[in-house]
Amino acid sequence: MKTHFYSLAAKFVSVRAKYFSDRNFLIICAILVGLVSGLASVLLKLTVHYIQKQLRIVLQDNSYAFLFYLFPLIGILLTVLFVQKIRKENSEEELVISCIPFPDVREIFRPIILIRIL
């Protein structure tokens, strides 16, 4: 499995070096990251509005209006519990930068730097 990944990565690096300069590749990556993050934000916004609309339909009676304050507090509490109890990682290690050299590609000496946010 690991060698398959390295062979695919080596092919990608060689094709990228052949057809794209470093500057153009960085611009393409920036555009892709912008598009994906924009779509993710729109999806998050639509999901929040859908949940709000469903709650307003279910909780039409004003006697349950306190739940609009309770649900965000429950969400914050669940997030804090998740970070403290389940992740159990050091906050200084939030950004892991790993350098993966590709030994199959000898004409390209530069390693690819992958940035992964945990």
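Residues numbered from 1 in each chain as written. Predicted model: local features only at pLDDT ≥ 70, side-chain atom pairs only at ≥ 80, totals over all residues. Heavy atoms only, no water.

This paragraph deals with the overall build of the chain. Counting its regular elements, the chain contains three helices and two strands. Expressed as a percentage of the 118 residues in the chain, the buried residues total 8%. Excluding contacts between residues fewer than 6 apart, the proportion of contacts in the chain whose partners are at least 24 apart in sequence is 38%. Entry remark: accessible area of the chain is about 10,600 Å², with carbon and sulfur atoms responsible for 69%. (Helix = DSSP H or I, 4+ residues; strand = E, 2+ residues; numbered from the N terminus. Buried < 20%, exposed > 50% of the residue type's maximum accessible area, 1.4 Å probe, protein only. Contact = heavy atoms within 4.5 Å. Areas by Shrake-Rupley, 256 points an atom, 1.4 Å probe, with all protein chains shown as cover.)

Among the secondary structure elements, R16 is positioned in helix α1 (residues 2–19). Using a relative accessible area of 14% as the deciding quantity, one classes R16 as buried. If we ignore the near neighbours within four places in the chain, the residues touching R16 are S21, D22 and F25.

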